[in-house]
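Single-letter residue listing:
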There are 2 protein chains.
Amino acid sequence: MKSLSHSEENYLKEIFHLSGLTEKRVSTNGLASRLNTKASSITDMLQKLSDKKLVEYVKYKGCFLTEEGERIAIQIIRKHRLWETFLVNKLSFGWEEVHDVAEQLEHIDSEKLIDSLDRFLNYPKFDPHGDPIPDKDGKIVYRKSKIKLLDAATNSRVEIVRVNEDSLALLKFLERHQLTLGTELDVLEKFPFDDSMSVRVGELLEINLSKKVTENIGVKFISKL
Amino acid sequence: MKSLSHSEENYLKEIFHLSGLTEKRVSTNGLASRLNTKASSITDMLQKLSDKKLVEYVKYKGCFLTEEGERIAIQIIRKHRLWETFLVNKLSFGWEEVHDVAEQLEHIDSEKLIDSLDRFLNYPKFDPHGDPIPDKDGKIVYRKSKIKLLDAATNSRVEIVRVNEDSLALLKFLERHQLTLGTELDVLEKFPFDDSMSVRVGELLEINLSKKVTENIGVKFISKL
DNA sequence: AAATATTTTTAGACTTGCCTAAAAATTTAT
DNA sequence: ATAAATTTTTAGGCAAGTCTAAAAATATTT
Ligand SMILES: [Mn+2]
Ligand SMILES: [Mn+2]
Ligand SMILES: [Mn+2]
Ligand SMILES: [Mn+2]
């Protein structure tokens, strides 16, 4: 249970995110591009993490997390999301400003700190981007009945419950158009030509959103129009 | 203005602390013992910091901080003390628990974060151990008329305004005997044999404090008894 | 002022995490 | 089923930060 380097923690976290999506082995190149390193560095680290029994790794076949590796990855994600919540709720950061700082804060090693923070924030269930915050035991309650805005039916009203935090530019765009968490939208029309979508936000404002935008917004159904 | 490694920051901070005490050049061995490294490692790092113009270093003669080095050191100390204050005031940590976590948090690199924290805490002037918190511009307001309890006159009443945070054991000892910041004491008698001192705290409780204790407590004079 | 002791620096080595270039394995296309 | 393209691994190197052992400088004793 000795502690891991920032690098090792970042690898575990990223393996978790990637395999969460695909549920299968994570590729070396996939990791390399997410971690902004070269494939050869990934191979090195996977060998080390494999020695430490944090990932299962077979040469040329990719890797996935062991139970212990996953446990650790989830705790880092818990820290990341709690810190983001702290920054937004207590220090009035904008949701687009918190990720980079949280990337640093997530490596602070103190169980007491993170549990105190959790209590201080009143045990939040979701972070500023709508992602679920794992609890102390690593349990993650995913929001059910959440779909991509891309897939929402026309003539329905939906509520934004999650946005992909990966792109700073997206977050700024959404902020700018008042498309924040909790905002309700009417899905007016979809355009097959470019997979864009027109939505109404508020009483009047009508916007056309590109696929790039709608596939990165999570919504839940509210009602038929 | 590119950012420094944790190690480099720790060296600068420690040079500041050591030269603050003596106001003269800091020795290699002095640094080594405070930083828990070997003298040879100190020499290596001093050469590097000297190249970066953060310390003035002359072989065999020790070092001191340049203006830029001092500026950086003070900002790290500011972060350290603000985080300690946060942990005690907002997350209800005990004053003996905060230092180690602050050693990690002080390296988080975000000016916005630290300024927001400062505001959130209401611009505190002193940390949980009574040490002054440098402001955004690096100005440190030292408490004047502060003396060591060791040097306080007998038959006077004093108030504890600062304790040396270096020893966890001391902090626990003080906590245990209710000798916290703001506590008022009557200095009853000094014993030259071992430089111990008897004090009264509250109405009844009388304690004998060793030199080891009294030289690590800062007090200010309240009144004659 | 030597001789001795202490402090500091140098030399050489190790680990971590990363890189480039080349080799090997795997996948895709013909 | 080969050949070509892609992915992944290996080999060898580099910088940071640390260490031990030995050499050099400085300080202290006699
Ligand atoms: Mn984030
Ligand atoms: Mn987030
Ligand atoms: Mn401290
Ligand atoms: Mn302190």
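Refer to the structure printed above.
Residues numbered from 1 in each chain as written. Chains lettered and ligands numbered in written order. Predicted model: local features only at pLDDT ≥ 70, side-chain atom pairs only at ≥ 80, totals over all residues. Heavy atoms only, no water.

Regarding the packing of aromatic side chains
All names here are of chain B.
Working step 1: Within this structure, the stated rule accounts for seven aromatic pairs over all chains.
Working step 2: Ring geometry for Trp-83 against Phe-86: centres 5.7 Å apart, planes inclined by 85 degrees, an arrangement best described as edge-to-face. Separated by three residues within a single helix, Trp-83 and Phe-86 lie in helix α4 (residues 67-89), roughly one turn from each other.
Working step 3: On the accessibility criterion, Trp-83 (1% relative accessible area) is buried.
Working step 4: We classify Phe-86 as buried; its relative accessible area is 0%. (Phe/Tyr/Trp six-rings, centres within 6.5 Å; stacked < 30°, edge-to-face > 60°. Helix = DSSP H or I, 4+ residues; strand = E, 2+ residues; numbered from the N terminus. Buried < 20%, exposed > 50% of the residue type's maximum accessible area, 1.4 Å probe, protein only.)

Overview of the relation of the copies chain B and chain A
Working step 1: For the pair chain B and chain A, the best superposition has an RMSD of 0.0 Å and corresponds to a rotation of 180 degrees with a translation of 0.0 Å parallel to the axis. Taken together, the turn and the small shift mark the pair as related by a two-fold rotation axis. Across chain B, the smallest distance between a C-alpha and the rotation axis is recorded for B:Leu105, namely 3.8 Å.
Working step 2: A symmetric contact is evident, with 100% of the interface residues of chain B recurring at the interface of chain A. (Least-squares fit on C-alpha atoms with pLDDT ≥ 70 in both. Contact = heavy atoms within 4.5 Å.)

Focus on the interface of chain B and chain A
Working step 1: Chain B puts 22 residues into the contact, and the matching count from chain A is 22 residues.
Working step 2: In total, chain B and chain A occlude about 1,700 Å² of area from one another, counting both sides; carbon and sulfur atoms represent 72% of this.
Working step 3: Inspection of the chain B/chain A interface yields two salt bridges.
Working step 4: Among the elements of the structure, α4, α5 (98-105) and α6 (111-120) of chain B are those that each provide at least two residues to the side of chain B that touches chain A.
Working step 5: Of the residues forming the side of chain B that touches chain A, the biggest block, six residues, is contributed by α6(B).
Working step 6: Partitioned by chemical class, the residues of the side of chain B that touches chain A number 11 nonpolar, six polar and five charged. (Buried area = accessible area lost by both parts, 1.4 Å probe. Salt bridge = Lys/Arg side-chain N within 4 Å of Asp/Glu carboxyl O. Nonpolar A, V, L, I, M, F, W, Y, C, P; charged D, E, K, R; others polar.)

Some points on the sheet that holds strand β4 (residues 156-163) of chain A
Residue and element names in this part refer to chain A.
Working step 1: Taken in spatial order, the six strands make up an open sheet running β3-β8-β4-β5-β6-β7, and their pairing is antiparallel. The open sheet has two edge strands with one neighbour each: β3 (147-148) and β7 (206-209).
Working step 2: Sheet analysis places β3 next to strand β8 (residues 217-224), joined by two bridges and oriented antiparallel. Bridging from a neighbouring strand, Ile-147 pairs with Val-219 of β8. (Pairing = 2+ DSSP bridges.)

Looking at the protein's contact with DNA strand C
Working step 1: If you check the shell around DNA strand C, you find 20 residues, and the closest are A:Ser5, A:Ser41, A:Lys48, B:Tyr57 and B:Lys59.
Working step 2: A breakdown of the atoms of DNA strand C within 4 Å of the protein gives sugar and phosphate a share of 77%.
Working step 3: Between DNA strand C and A:Ser7 there is a distance of 3.0 Å, counted from a phosphate oxygen to a side-chain nitrogen or oxygen.
Working step 4: Within the backbone of B:Tyr60, one N or O atom sits 2.9 Å away from a phosphate oxygen of DNA strand C. (Near = heavy atom within 4 Å. Polar contact = N/O pair within 3.5 Å; in protein donor to acceptor, adjacent residues only side chain to side chain.)

What about the pairing of strand β4 (residues 156-163) of chain B?
The side chains of a regular strand alternate, first on one face of the sheet and then on the other.
Residues and elements named next belong to chain B.
Working step 1: For β4, the tally of buried residues reaches six of eight residues, placing the bulk of the element in the interior.
Working step 2: As defined by bridge partners, β4 adjoins strand β5 (residues 184-191) across four bridges and the pair is classed as antiparallel. Each residue of the ladder has a partner; that of Arg-157, found in β5, is Asp-186.
Working step 3: Judged from the seven bridges that link them, β4 and strand β8 (residues 217-224) form a sheet pairing that is antiparallel. Pairing of Glu-159 across the sheet is with Lys-220, part of β8.

Looking at the side chain of B:Ser19
All names here are of chain B.
Working step 1: As for its placement among the helices and strands, Ser-19 is situated in helix α1 (residues 6-22).
Working step 2: For Ser-19, a relative accessible area of 14% corresponds to the buried category.
Working step 3: If we skip the residues at most four places from it in the chain, Ser-19 touches Lys-24 and Val-26.

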